[in-house]
Amino acid sequence: MTRWNTSHIPDQTGRSAVVTGANSGIGYITARELARRGARVVLACRNTSRGKAALDRLRCEVPGADAEFRPLDLADLSSIRDFAATLHDVTGDRLDLLINNAGVMALPYRTTADGFEMQFGTNHLGHFALTGLLLPRLLATPGARIVSVSSMLHALADLDHDDLNSERSYRRWIAYGRSKTANLLFVHELTRRLAAAGSPLVAAVSHPGYAATNLQTAGARMEGRSSTERAIELGNRLIAQPAEGGALGTLCAATAPHMRPDSFIGPRNGLRGAPAQSFRAPWTKNDANGKRLWAASEQLTGVHYDFSATRTSG
């Protein structure tokens, strides 16, 4: 993957992709570059006006792009089920790429529509439910991949399995780190289960390093902390790489040939640069904790994975 960039993305003609949080930042860049290579792309976004604006922008930047917007709120299980139930109208029985990109960062304490702590509920549980509901199509599509977007800040904290929803205590950055640990642990356990089922479906994880997006300023903006918001924006301008650079890890994990299952791909130096295998905390490869998180996620979301389509995945 030395100096891997978007010119290395193979032809995606005939392939379909769902990208969550595709209205801005690395999600938008990911969707745009896949469409540019010929993929049929579904922009799955919570905010309808922003999602439609992103679709218009994509069609301007990639004339003739095969792209659609579909509403998806990962903080609402009913929205996730509605999205999965209607996706057949766009992609049919197949789905080649599921990019679990959407997320929230360091928000003041609040809960999802289903009562989960917002960061854990959106960043992990929402994508856990979405992946499970779309799994039969992914299993039945030769060469399909799942890519979940985590962060180097997963190293801030391991999961507290006795307080997954931060009901006993809440520290926004620790909660964020735990949600990003959950992303890695989820893919680790999914990889183990796919292997046990004999499926060739590849699940991997990426991270953007330090990329300038709207994610960093959301918490400060919600609380009216304008000075903090301005400081973060300044840091983004001076230090962060653009969203185009941040999306490279996701695009590489999604399209580079021979991607190893359970890989963690991000900037070579951790913050910016060409994609490479990244450092990950040892607790993100703990089999026992992966099984424990999986069981809790099934119980909380009511989504149970069906690996029976593995036999037809080829």
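In case you missed it, the structure is sitting above this.
Residues numbered from 1 in each chain as written. Predicted model: local features only at pLDDT ≥ 70, side-chain atom pairs only at ≥ 80, totals over all residues. Heavy atoms only, no water.

Visitor: Hey, could you go over the side chain of Glu117 for me, with residue numbers and the actual values?
Guide: Along the polypeptide, Glu117 turns up in the loop between strand S4 (97–100) and helix H5 (118–139). Buried charged residue Glu117 carries no salt bridge. Nearest counter-charge: Arg110, at 8.5 Å. Here the side chain of Glu117 touches Gln119 through a polar contact of 2.8 Å, landing on its backbone nitrogen. A polar contact is formed between the side chain of Glu117 and the backbone nitrogen of Phe120, at a distance of 2.9 Å. Those residues in contact with Glu117 that lie beyond four places of it in its chain are Tyr109, Arg110, Thr112, Asn165, Ser166, Tyr170 and Ala175. (Helix = DSSP H or I, 4+ residues; strand = E, 2+ residues; numbered from the N terminus. Buried < 20%, exposed > 50% of the residue type's maximum accessible area, 1.4 Å probe, protein only. Lys, Arg positive; Asp, Glu negative; His and termini not counted. Salt bridge = Lys/Arg side-chain N within 4 Å of Asp/Glu carboxyl O. Polar contact = N/O pair within 3.5 Å; in protein donor to acceptor, adjacent residues only side chain to side chain. Contact = heavy atoms within 4.5 Å.)

Visitor: Describe empty space enclosed by the protein, with residues and values.
Guide: Going through the model one piece at a time under the given rule, you end up with 3 cavities of 30 Å³ or more. The calculated volume of the largest cavity comes to roughly 70 Å³. Lining the largest cavity are Glu117, Phe120, Leu159, Asp160, Asp163, Leu164, Ser166, Ala175, Arg178 and Ser179. It is helix H6 (residues 172–196) that provides the largest number of residues to the lining of the largest cavity, a total of 3 residues. Of the residues assigned to the lining of the largest cavity, the class counts are 4 nonpolar, 2 polar and 4 charged. The space that makes up the second largest cavity amounts to roughly 40 Å³. Along the walls of the second largest cavity sit Leu74, Ala75, Asp76, Leu77, Ile80, Thr112, Asp114, Phe116, Gly121, Leu125 and Gly126, which together make up its complete lining. Secondary-structure elements contributing two or more residues to the lining of the second largest cavity are helix H3 (77–86) and H5. It is H5 that provides the largest number of residues to the lining of the second largest cavity, a total of 3 residues. By residue class, the composition of the lining of the second largest cavity is 6 nonpolar, 3 polar and 2 charged. (1 Å grid on protein atoms, 1.4 Å probe; cavity = no way out; pocket = protein on both sides within 12 Å on 5 of 7 lines; lining within 4 Å. Points joined across faces, edges and corners; volume = space filled by probe spheres on them. Nonpolar A, V, L, I, M, F, W, Y, C, P; charged D, E, K, R; others polar.)

Visitor: Which residues make up the nonpolar core, and what values go with them?
Guide: The biggest cluster of nonpolar side chains holds 46 residues, and the ones touching the most others in it are Phe83, Leu134, Leu190 and Tyr305. At the level of secondary structure, the elements contributing two or more residues to this core comprise strand S2 (40–45), H3, H5, H6, strand S6 (202–206) and helix H11 (287–301). Counting residues per element, this core draws most heavily on H5, which supplies 9 residues. Among the nonpolar cores identified, the runner-up in size contains 37 residues, and Ile9, Ala35, Ala204 and Met259 belong to it. (Core = buried A, V, L, I, M, F, W, Y, C linked by side-chain atoms within 4.5 Å.)

Visitor: Requested: an account of the packing of aromatic side chains, with residues and values cited.
Guide: How two aromatic rings sit relative to each other is set out by the distance from centre to centre and by the angle between their planes. A complete count under the given rule lists 8 aromatic pairs for this structure. Ring centres of Phe128 and Tyr305 lie 4.9 Å apart, and the angle between their planes is 40°; this geometry places the pair in the tilted category. Here Phe128, found in helix H5, pairs with Tyr305, found in the segment after H11; they are 177 residues apart in sequence, far enough to count as distant. Of the two residues examined, Phe128 and Tyr305, each falls in the buried class. Among the aromatic residues, ring-to-ring pairing joins Phe128, Phe186, Trp294, Tyr305 and Phe307 into one connected group. (Phe/Tyr/Trp six-rings, centres within 6.5 Å; stacked < 30°, edge-to-face > 60°.)

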